[in-house]
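Now for the letters of each chain:
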Amino acid sequence: MKRAILSFSLIVITALPGFAQRTDERDLLLFGEAWLDSSDYAWSRESLSRLEKDSEPGARVKDFGRLRIRFISLDEDLLGLDIRVLKFRYQVQLRGDSANEGISKLEGTRLPPVWLHSALGFSVGSDPASGFQSNIQAGEVFDLIDFRGVVPREIPLVGQEWSAKMLRKPDDRFRFREEKDRRFTCLSKETTRDGDKFEIAFIETLKVTSMEPSRSHEIRETRGKFWVILPMGRVEATTWESLSTEYKSGAGKGKTSDKVETQTKVDIVRRDSPPPKPREGEKEVGAAIEKLPLPPR
């Protein structure tokens, strides 16, 4: 099995007084236990991209669908997830052209075994012949399940703030420096039959700097909210808007860089999933993952 690392980050949690600091890698992955019972999440997303010199967007992309996520295991610093794409529809429109609608090839499929490591990010097991690793839409699925937040281990107080910083330094295989800062504020608390539901606002800043002069770099700011049931850690809904500015270096000597801005809005809502119906001859996913060699740490 060949594995592709889709994203990497070294996570450091900091906090204001009154909110305990987390240093154990295992704690950083606790939010994955929110999927101990399989959960369905319906999403809708729209992105508008344009060159700085243009007054109108050059491309508009919409997609929506439904994912089923199930927690498999937590082995020290490694989290295993089973992800099934129940629905994935999209619409692409370039300026001056009519919209092109389609159904993603991922619809109706179970993604290859997925692991999340606190230092390495997502690692995906895949057969290279399947073409999964080159599927851009697969990366967009992982962007969705990140939920733009880290479920707090401690029960926050209304008005409380904390932060998370992530850094990946460049190496021989990855010639970029990634820095991500997240700031959280607990806005409200509501008592439900499943537990206390907290509304948490966040601001995220991502900086991706290329080590190669000919490559592009990016700055993205995201603002949004998510609603989480504690202490179970189940995310009920999340919404965010982001503005990404990518600086693309021109090809050839004396060429200027293009500045591309992309605005994105995402809404995700949890849905109750029906009880699983095992198919004849289908192996249990958890058992299958346990038999696979884990990614290098």
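Residues numbered from 1 in each chain as written. Predicted model: local features only at pLDDT ≥ 70, side-chain atom pairs only at ≥ 80, totals over all residues. Heavy atoms only, no water.

A. Main features of the overall build of the chain. Of regular secondary structure, the chain possesses three helices and 15 strands. The proportion of buried residues among the 297 residues of the chain is 41%. For the chain, restricting intrachain contacts to residue pairs at least 6 apart in sequence, the fraction spanning at least 24 positions comes to 63%. Only carbon and sulfur atoms are counted for the fraction: they give 49% of the accessible area of the chain, which is about 16,500 Å². (Helix = DSSP H or I, 4+ residues; strand = E, 2+ residues; numbered from the N terminus. Buried < 20%, exposed > 50% of the residue type's maximum accessible area, 1.4 Å probe, protein only. Contact = heavy atoms within 4.5 Å. Areas by Shrake-Rupley, 256 points an atom, 1.4 Å probe, with all protein chains shown as cover.)

B. Quick look at the pairing of strand 6 (residues 100-103). Note that strand 5 (residues 78-94) and strand 6 share four bridges and pair antiparallel. Note on strand 6: the bridge partner recorded for Q91 is E101. (Pairing = 2+ DSSP bridges.)

C. Layout of the pattern of salt bridges. Overall, the coordinates contain 24 salt bridges when judged by the stated rule. With a closest N to O distance of 3.5 Å, D54 and R95 form a salt bridge. In this pair, D54 sits in the loop between strand 3 (39-51) and strand 4 (59-75) while R95 sits in the loop between strand 5 and strand 6, placing the two residues 41 residues apart along the sequence. Residue D54 is classed as buried on the basis of its relative accessible area, which comes to 19%. One salt bridge in this structure joins R234 and D194, with 3.0 Å as the shortest N-O distance. Remark: D194 occurs in the loop between strand 11 (176-192) and strand 12 (195-210) and R234 occurs in strand 14 (residues 234-248); sequence separation between them is 40 residues. (Salt bridge = Lys/Arg side-chain N within 4 Å of Asp/Glu carboxyl O.)

D. Highlighting the packing of aromatic side chains. With the rule as written, the count across this model stands at four aromatic pairs. When the centroid spacing of 5.5 Å and the interplanar angle of 15° are considered together, the rings of W162 and F184 count as stacked. Here W162, found in strand 10 (residues 161-168), pairs with F184, found in strand 11; they are 22 residues apart in sequence, far enough to count as distant. Of the two residues examined, W162 and F184, each falls in the buried class. Pairing F184 with F226 gives two aromatic rings, centres 6.4 Å apart and planes at 85°, and the pair type is edge-to-face. (Phe/Tyr/Trp six-rings, centres within 6.5 Å; stacked < 30°, edge-to-face > 60°.)

E. Summary view of the pairing of strand 4. In the sheet, strand 3 pairs with strand 4 via eleven bridges, with the strands oriented antiparallel. In the strand pairing of strand 4, L48 is matched with R60. Pairing between strand 4 and strand 5: 16 bridges, direction antiparallel. For L74, the partnering residue across the bridge sits in strand 5 and is L79.

F. Broad picture of the environment of F202. Summarising the element assignment, F202 is placed in strand 12. Residue class for F202 comes out buried when judged on its relative accessible area of 2%. In the structure, F202 is positioned 17 residues away from T185 in sequence and 6.4 Å away in space, judged by C-alpha atoms.

G. Summary view of the nonpolar core. Counting 36 residues, the largest nonpolar core has I83 and I268 as its most contacted members. Once residues lying within four places of it in the same chain are set aside, the contact partners of I268 are Y41, A42, W43, L144, F147, A237, T238 and W240. (Core = buried A, V, L, I, M, F, W, Y, C linked by side-chain atoms within 4.5 Å.)

H. Just helix 2 (residues 136-145), in detail. Three or more residues of helix 2 are buried, namely Q137, A138, V141, F142, L144 and I145. Projected down its long axis, helix 2 carries its buried residues within an arc of 155°, all on one side. (Arc of directions from axis to C-beta.)

I. Quick peek at the environment of P156. Within the secondary structure, P156 is located in the loop between helix 2 and strand 10. For P156 and L187, which are 31 residues apart along the polypeptide, the C-alpha to C-alpha distance reads 9.8 Å.

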